[in-house]
Each structure stands twice: as C-alpha cells, then as structure tokens.
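One-letter residues, chain by chain:
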Amino acid sequence: MDSRFVVPLFLAIAAPAHAGELSLADALAGVSSVRSVQTAALQRASAEAAVLQAAGAFDPDLSWTTDASGNAASGYVAGYPVDSRSTGVDMGLTVQGELPSSTTWSVSMDLGYDTTTTVSELAGDATEQVRSNWDGLVSLTVGQDLLAPLRRSDLSIRRRQAQDAADVAALQAAQAEEDALEAVADLWWTWAAAWRQTRTAEAALASAERLVGSTQALADEGQVAQLEVRRVEADRLDAERTTLQARTAERQAADALLSRLGLPFDAALTPSGSGAIAAGSLDVHDAEAQAVDADLDVAIARRQVQTEQTDLRDARATWLPSLDLSGTVGVASLADTAATAVTALGTDPLPRWGVGLSVSVPLGGRAARGAVQTASAQLGVAELAVDDAEAAARLAIRAALDDMALARASVALTTAQLDVARQTEDGEQARLEEGLTRLDDLLDARHARVQAEVAVIDAEADRARAELAVLRRLGRLGDLAATGGTR
C-alpha cells in the first residue's frame, strides 16, 4: 500500500467513543471491511501468487527413471545356428533446471545392468556363453544462449509480465481503498446531515405543537378567530409530515453507510463529532503538480508505459539469430558388480566429453517486424493514455478547487441568511404579541428560519464533500483518516 495510507487508523476498526454513536473516524476505520477493498486485496494477492508461480519455472526438476528390457535373437555364424537371449535394467537420476541468464543445466547419474546368454553350435559342439556386466555414468550438461545479454528468455519474460501485473494490482488496490475512503466519508456526511435535519424538523414540530396550544387558548378566550386555530393546526400537520420524511431519509442514509461497511443496521445509531475537515488554501499551479503526482490513474498509466517499453525491447530481440553453446562432461565405468561399477567412476573412470554449437537464423523476418510494429503501437497508445490521465488529473483538481471555494461561500451565505431568518422570526413573534402583525406572517417567518437551518446543514455537508474531493485529488486522504474529521 502507498505510504500515504499507512496510518494506524487502518490497522484495526476503532471502537466508537460512546455506545450507539458512530464518528467519521469510526466509519473510516472500517474501510478495510468494505467489499470492494477486500476484492481488490484478493486480486492483488492473486497477482502476487502469479509472480511466485512464474518464478517457480526456474526451480530445478528431479526425475528418476527405471527401464527393464529383454531380447531374444536367432541367426547363423559360418553356417552354424546361434541363439541369444539378453535382459537389461537401467536406472537413472537427473536434476535439471534453467537460470534467468538463459543457462540450462543437467546433472545425471545412470546405472545399468545387462546379461546376455548365447548358445551356438560350432563344429557340431553346442556351447553356451553367459556375459553380464554393470555400467555407470555421471555427466554434467550445460547449455548457454550466447545472446542472452541482448534478450530475455521466454521464462524471464513471463516472470516479468507477472511482476508488471502485480505492480498494477497493488496500485489498483490502493485506488480501491481511496475510493472506499471517499465513499464512506460521503455516506457519513449524508447521514450526519440527515440526522441534523431530523433534529431540526423535530424542533419545528414541537414549536408548531406549542403554537397550536397557545392559539387554541386565545381562541377559547375569543381573542382570535377559529380560522387561526385551523391555520396553525395545518402548519403542525405539515411539520409532522416533514419530520416523518426527515426520519426516513436519516434511516436510509444510515442503512446505506452501515451496508457499505458490512455492519448490521442500527436504528438507534447517532453520529458523533462534526466531521469537518480543512483542506486549506492552495495555489492552483502547485495543486495541479501535486494532483498529477498523487493520481493513481496516472501512476497506473505510467506503469503501463514501462511495461510497453520493455515489451518493445523484447520484440526487437526477435530479430536476433539463435546462437546456443552446449557442453557435456562425464565419466563412465564398466564392471561385473553394481558396487564396483559405482566405485570405478572415481577410481578407474572412463572420461567422456562433448561440445556443440547451434546457429539458427530466421529468414524473411515478417514475424519479427510484426512483433516490433505491434509493440510500438501499444507503446504509443500507453503514452497517450498517460497524457490523458495527467490532463484529467489537472482538470479534476481545478474543478475540485472551484467547487471547494463555492461550497465555502455557500456556507458563509447560508449562515448569514439563517441569522437574518432568526431575527426576522423573533421580530414577527414580538409584533404578533403586540398585535401589530398577523399569525400567518409569523408562520412564514418560522418556515423561512427552518429552511435556512436546513440550508446551512446542506451547505456544510457540501463543503465537507468538496474538501474531501480536494484531499482525494492531492493524495491527502491520509490527512482525513488521521484526524477522523475532528478538526
């Protein structure tokens, strides 16, 4: 994982500070349980296992063989019949392998037993001869591609390709964790905003219920008409419906968050902490450079360019001829017993050796030209993908900075509007008590104040999301995870 995300918060799911509460830090601590993150981690593990599997191609092989054979033959020598029967047993043990340097090697040991019985009738006399012997052989064979410094072997290419895939999988796992962090934070803010809006709606409902009671008392005294009672009762019903809608939205937002975290639904769960963050002020040009360096799509695209460059180099090597040098050295023995045959390999060896050189030159070269042209085209595509990813990163950070500035301005505006709405409501309440205004003017002012409170809640959530987007583009989600939205 990228060091930017190696924070203690991700090592274990932190327990909530109070029972029934879930802070932004608690939610972010559970990102490792998000299914998309787990899926990406498994895919990365699979890619790393493929690297191990590819490297295993260079592990040596051990083989043991045993053969038994028999043969009977008849013929004539100088006109006399000759019959022969022979049997044999051969045993062999071989260890062989290949090195990344395109070197093949083999160490083998063989032990064989042969017995032959010959019956002949020469000059009218039947004779029988039995001959048996053991033979041993120990040999070392080495083969070397003399052009290995200029090209990789097929096994080396497969291992390199597996490592390239593992590197990309690691970047994709980090990207999945970034996505999950952003999604969980966004869901938490949606839920926290819905929870605050529910409290606002409940307060408005309680205020409407008190107004119904006071208006009914005035109507009973004959100070206001019964129409005013029906007016405030209708307003109470509207506040009741708004409260029900807010509670539904809160429950659905909590369910969405808990589902993403793989946790059971909890109707009594409440958010704790403000969840606010501070991305700070940033210079646009500096932010663009940071965003390009931190963007994982750019990193993946650049890694792909490296892969394609290596593929092109390997494709160009297909023009080269095959030039292989091989050599074998060994000793043999021949004896009448197995033990003597083995001992004689050291005491009375029969040396053997051999050297060979093979050259193969491809004619025409169409396959090589096609491979080079394909690799060149793929490299061009990968380089264009880098340009696209870098341009997208620059556009995204510029848009994110604009959105953050607008969101902060919206918070300032809605906060000022809420202050005005509260003072307006207080003024209408005072004028109503003095008989200088109508009840519906107070109701309008109260509705405006409630809407202003909701607007502030929405604006603060939008600001948090906008700042989150900036942190994501700058590769600073670790800042959010470290603070847990407590600043």
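Structure: above.
Novice: Please clarify how the packing of aromatic side chains should be interpreted in this entry.
Specialist: The relative placement of two aromatic rings is captured by the distance of their centres and the angle of their planes. Applying the stated criterion across every chain yields a total of 2 aromatic pairs. Summarising the aromatic geometry, the rings of Y113 and W134 are spaced 4.7 Å apart at their centres and angled 40° between planes, so their arrangement reads as tilted. Note that Y113 is positioned in strand β4 (residues 103-122) and W134 in strand β5 (residues 125-145), a separation of 21 residues in sequence. Using a relative accessible area of 25% as the deciding quantity, one classes Y113 as partly exposed. Given the relative accessible area of 19%, W134 is considered buried. On the numbers, 6.5 Å between centres and 85° between planes, the contact of W188 with W191 is edge-to-face. Of this pair, W188 and W191 both sit in helix α3 (residues 154-220), 3 residues apart, roughly one helical turn.

Novice: Which parts of the structure should I look at to understand helix α4 (residues 226-261)?
Specialist: Three- or four-residue spacings in an α-helix give side chains the same orientation, since the helix completes a turn every 3.6 residues. The terminal C-alpha atoms of α4, which comprises 36 residues, lie 53 Å apart, in line with the 52 Å expected from a rise of 1.5 Å per residue. G262 lies just past α4 and shows a positive phi near 70°.

Novice: Can you walk me through a nonpolar patch on the surface in this structure?
Specialist: Taken together, the side chains of V107, L140, V142, L146, L325, V329, W353, V355, L357, V359, V361 and L363 make up a nonpolar region of the molecular surface, amounting to roughly 1,200 Å² of accessible area. Mapped by element, the contributors of at least two residues to the nonpolar patch are β5, β7 (322-335) and β8 (350-360). The biggest single contributor to the nonpolar patch is β8, with 4 residues. Taking relative accessible area as the criterion, W353 reaches 70% and is therefore assigned exposed.

Novice: Honestly, the environment of D179 in this entry has me stumped. Any pointers?
Specialist: In this fold, D179 is placed in helix α3. Each C-alpha atom, one on D179 and one on S36, is 8.9 Å from the other, the two residues being 143 residues apart in sequence.

Novice: Please clarify how the packing of α4 against helix α9 (residues 439-473) should be interpreted in this entry.
Specialist: Helix packing for two helices is described by the angle between their axes and how far apart those axes are. At their nearest, the axes of α4 and α9 sit 10 Å apart, and the two run at 10° to each other. Accordingly, the angle class assigned to the pair α4 and α9 is roughly parallel. Of α9, the residues touching α4 (which contributes E228, R231, V232 and D235) are L439, D440, L443 and H447. Partitioned by chemical class, the residues of the contact of α4 with α9 number 3 nonpolar, 1 polar and 4 charged.

Novice: Where do I start with unusual backbone geometry in this structure?
Specialist: Most peptide bonds take the trans form, and the phi angle of most residues other than glycine is negative. Not every positive phi belongs to a glycine, and S102 is a case in point at roughly 65°. Checked against the element boundaries, S102 lands in the loop between β3 (80-98) and β4. Classification of S102 by relative accessible area gives buried; the value is 10%.

Novice: Got a minute to help me understand the environment of R476 in this structure?
Specialist: The topology assignment puts R476 in the loop between α9 and α10 (477-483). Taking the relative accessible area as the measure of exposure, R476 reaches 22% and is therefore partly exposed. Considered as a pair, R476 and E209 are 267 residues apart in the sequence and their alpha carbons are 48 Å apart.

Novice: Help me understand helix α2 (residues 35-55) in this model?
Specialist: When the terminal C-alpha atoms of α2 are compared, their 30 Å separation across 21 residues agrees well with the 30 Å that a helix rising 1.5 Å per residue should span. The set of residues buried in α2 consists of V37, A40, A47, V51 and A54. Around the axis of α2, the buried residues are gathered within 105° of arc, so they sit on the same side. Residues of α2 that are exposed and angled more than 90 degrees away from the buried face: R35, L42, L52 and Q53.

Novice: What's the story with the pairing of β7 in this structure? I'm lost.
Specialist: Sheet analysis places β5 next to β7, joined by 12 bridges and oriented antiparallel. Each bridged residue has a counterpart across the sheet, and for W134 the counterpart in β7 is A335. As defined by bridge partners, β7 adjoins β8 across 11 bridges and the pair is classed as antiparallel. Across the sheet, L323 pairs through a bridge with V359, a residue of β8.

About the cut-offs
- Residues numbered from 1 in each chain as written.
- Predicted model: local features only at pLDDT ≥ 70, side-chain atom pairs only at ≥ 80, totals over all residues.
- Heavy atoms only, no water.
- Phe/Tyr/Trp six-rings, centres within 6.5 Å; stacked < 30°, edge-to-face > 60°.
- Helix = DSSP H or I, 4+ residues; strand = E, 2+ residues; numbered from the N terminus.
- Buried < 20%, exposed > 50% of the residue type's maximum accessible area, 1.4 Å probe, protein only.
- Expected span 1.5 Å × (residues − 1).
- Patch = residues over 30% accessible without salt bridge, like charges linked within 9 Å, V, L, I, M, F, W, Y side chains within 5 Å.
- Areas by Shrake-Rupley, 256 points an atom, 1.4 Å probe, with all protein chains shown as cover.
- Salt bridge = Lys/Arg side-chain N within 4 Å of Asp/Glu carboxyl O.
- Axes fitted to C-alpha atoms, helices over the stretch in contact; angles between N-to-C directions.
- Parallel < 35°, antiparallel > 145°, perpendicular 65-115°, else oblique.
- Contact = heavy atoms within 4.5 Å.
- Nonpolar A, V, L, I, M, F, W, Y, C, P; charged D, E, K, R; others polar.
- Arc of directions from axis to C-beta.
- Pairing = 2+ DSSP bridges.

Note that all results are geometric; they support no functional claim without further evidence.
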